[in-house]
Amino acid sequence: MKRRGVQPDTVTLNALISAMEKAPGGSQWEKALEVFQEMNRRGVEPNTVTFNALISAMGKAPGGSQWEKALEVFGEMKRRGVEPDTVTLNALI
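Residues numbered from 1 in each chain as written. Predicted model: local features only at pLDDT ≥ 70, side-chain atom pairs only at ≥ 80, totals over all residues. Heavy atoms only, no water.

S.K.: Please set out the side chain of threonine 88 residue by residue, giving values where relevant.
M.R.: Tracing the chain through its elements places threonine 88 in helix 5 (residues 86-92). At a separation of 2.4 Å, a polar atom in the side chain of threonine 88 contacts the side chain of asparagine 52. Excluding anything up to four places from it in sequence, threonine 88 contacts Thr48, Asn52, Ile55, Phe74 and Met77. (Helix = DSSP H or I, 4+ residues; strand = E, 2+ residues; numbered from the N terminus. Polar contact = N/O pair within 3.5 Å; in protein donor to acceptor, adjacent residues only side chain to side chain. Contact = heavy atoms within 4.5 Å.)

S.K.: Got a sec to walk through helix 1 (residues 10-21)? Specific residues and values, please.
M.R.: For helix 1, built from 12 residues, the straight-helix expectation of 16 Å at 1.5 Å per residue is met to within 8% by its first-to-last C-alpha distance of 16 Å. Of the residues making up helix 1, those classed as buried are Thr10, Leu13, Asn14, Ile17, Met20 and Glu21. Down the axis of helix 1, the smallest arc covering the buried residues is 120°, so these residues share one side. The elements touched by buried residues of helix 1 are helix 2 (29-42) and helix 3 (48-59). N-cap assignment for helix 1: the residue whose side-chain oxygen lies 3.2 Å from the backbone N of valine 11 is aspartate 9. (Expected span 1.5 Å × (residues − 1). Buried < 20%, exposed > 50% of the residue type's maximum accessible area, 1.4 Å probe, protein only. Arc of directions from axis to C-beta.)

All quantities given are derived from atomic positions and should not be read as evidence of function.
See below:
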């Protein structure tokens, strides 16, 4: 995308985070977090789907859930005024 001059948007970056959640061998939650941080640097606004995918990736971390990090992300979601939905709450359980 970048080589062709197409800038990623919320939808494409959400798809990337979601793919990292479902990566073979287990969630790549750290890479998903890097994509999220890159979104912030680029000024791309995350939405409910973004936060859901990131929280879910943390919940599926190999070697055990990263639930504390997931709660931090949920806190950021609320601070930004992004509305959680049932997917969000299920991912936090």
